Each structure stands twice: as structure tokens, then as C-alpha cells.
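Notes for the structure review
The chain contents come next:
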Amino acid sequence: MTSKALIKSYYESDLANDETLIDKFYHKDCVIHWNSSRGYTKMNFSGITAFFKSVRESYNNLRFEITHLLEEDDVVTSRHTLYANTIESQGEEMPIAHYICIHHIIDNQIHRTFEISQPADTDSLDSGAYSKINI
């Protein structure tokens, strides 16, 4: 599987409900460097596992709408919007955040990720800048 195919498969998987996906997609020595509107967060494998456990407790579904997916060697850059259904919303999907991520792949797993996110808002979504393109 190419690095790009791996990341596409990751974003198309059921991260909100399948706890086995962390072992499938993340290298045991992985590190995520995440800059968000709340500041900087660094997570290793156990931190990522705990993060997605919390996600599974809050969300019924996650959906990533990818606008860009670029590959060079074992590095994949993605630009996407995250949508979710909370347990409380009972089916109403809402946009959560926009992301740009740089994933470094080793042994067909995510080894390093550098990501930047910002909350999704109506202005950015209505602008058309986050419209899905064919990948």
C-alpha cells in the first residue's frame, strides 16, 4: 500500500468506533505534534490511544472531508475538514475543525504527524475554500 493510500484509508476508517484502528495505523514509536486554537499538544502512542478513547465516548461518528492529499516518498500531506455526530446530537452532523497534516510513514504506519487545526466556522465553509475535490 502506498503512503497516500494508507492515509486515505485512515481517514475513511471508523475512528470513532473501532478501537483496533490505532494499532493498525499508528507506529508504536509515533509522535503527533498538534498546534490548535487551544495551543500545542504532543502525543505519543499511549496519548493517541487515550485521545481516541475519549473521542469514542463523545462521538458516534467522525467523517473527514479531504480537499488535498499529496504524497512525496513516505510523506503525505492532507488538508481536510472534520465532521462529527455527537452522542447528544442524535444524527445531526456538525463541522468541528479544519486541518492540515504532514504524516511521515514508516513500516506502513504513521510515525510522525505535524498538524495544525482551527475550528470550522460558517464563513470558511460558505467560502467554498473547503469544497471537496476529487482525489
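Residues numbered from 1 in each chain as written. Predicted model: local features only at pLDDT ≥ 70, side-chain atom pairs only at ≥ 80, totals over all residues. Heavy atoms only, no water.

Going by an unreviewed UniProt entry, the protein chain carries the name Nuclear transport factor 2 family protein and comes from Bizionia hallyeonensis.

1. Some thoughts on helix α3 (residues 45-58)
The line we're drawing: Every helix listed is a DSSP run of H or I at least four residues long, and every strand listed is a run of E at least two residues long, numbered separately from the N terminus. In this analysis, the expected span of each helix is defined as 1.5 Å times one less than the number of residues it contains. Each residue is placed in one exposure class: buried if its accessible area under a 1.4 Å probe, protein chains only, is under 20% of its type's maximum, exposed if it is over 50%, and partly exposed if it falls in between. The arc under discussion is defined with respect to the helix axis, by the directions toward the C-beta atoms. Contacts: residue pairs with any heavy atoms within 4.5 Å of one another.
End to end, α3 covers 20 Å across 14 residues, agreeing with the expected 20 Å (1.5 Å per residue, within 8%). Among the residues making up α3, those that are buried are Phe45, Ile48, Phe52 and Val55. End-on, the buried residues of α3 take up no more than an arc of 75°, which puts them together on one face. Across α3 from its buried face, at more than 90 degrees, point the exposed residues Ser46 and Glu57. On its buried side, α3 packs onto α1 (3-12), α2 (21-25), β1 (26-36), β2 (39-44) and β3 (59-72).

2. What to know about unusual backbone geometry
The phi torsion at Asp73 lies on the positive side, around 55°, for a residue other than glycine. By the element assignment, Asp73 lies in the loop between β3 and β4 (75-86). The exposure class of Asp73 is exposed, given its relative accessible area of 65%. Residues other than glycine seldom take positive phi values, yet Asn108 does so here, at roughly 60°. Relative to the elements of secondary structure, Asn108 occurs in the loop between β5 (94-106) and β6 (109-119). Here Asn108 falls in the partly exposed class, since its relative accessible area comes to 37%.

3. Considerations on the pairing of β2
Where we set the bar: Any two strands with at least two DSSP bridges between them are considered paired.
Pairing analysis gives six bridges linking β1 to β2, with the strands arranged antiparallel. Within β2, the residue paired with His33 across the bridge is Lys42. What sits between the antiparallel neighbours β1 and β2 is a turn of two residues.

4. A look at the sheet that holds β6
Going by this rule: Axis lines are fitted to C-alpha atoms, over the contacting stretch for helices. Their N-to-C directions set the angle, which ranges from 0 to 180 degrees.
Pairing is mixed in the open sheet, where six strands are placed in the order β2-β1-β6-β5-β4-β3. Strands with a single pairing partner mark the edges of an open sheet, and in this sheet they are β2 and β3. The sheet shows a mean angle of 20° between the axes of neighbouring strands, taken without regard to direction. The pairing of β5 with β6 spans ten bridges and is classified as antiparallel. If you follow His103 over to β6, its bridge partner there is Thr113. Strands in contact with α1 are β1, β3, β4, β5 and β6; relative to β3, the strand with the most contacts, it is inclined by about 160°. This element, α3, spans β1, β2, β3 and β4 of the sheet and lies at about 65° to β1.

5. Quick look at the packing of aromatic side chains
Short version of the rule: Centres within 6.5 Å make a pair out of two Phe, Tyr or Trp rings, where for Trp the six-membered ring is used; the pair is then stacked when the planes are under 30 degrees apart, edge-to-face when over 60, and tilted otherwise.
One pass over the full model with this rule turns up seven aromatic pairs. With 5.3 Å between their ring centres and 70° between their planes, Tyr10 and Phe25 make a pair best called edge-to-face. Remark: Phe25 occurs in helix α2 and Tyr10 occurs in helix α1; sequence separation between them is 15 residues. Given the relative accessible area of 5%, Tyr10 is considered buried. Residues Tyr10 and Tyr26 carry aromatic rings whose centres are separated by 5.7 Å and whose planes lie at 85° to one another, so their mutual orientation is edge-to-face. Of this pair, Tyr10 sits in helix α1 while Tyr26 sits in strand β1, and the two are 16 residues apart along the sequence.

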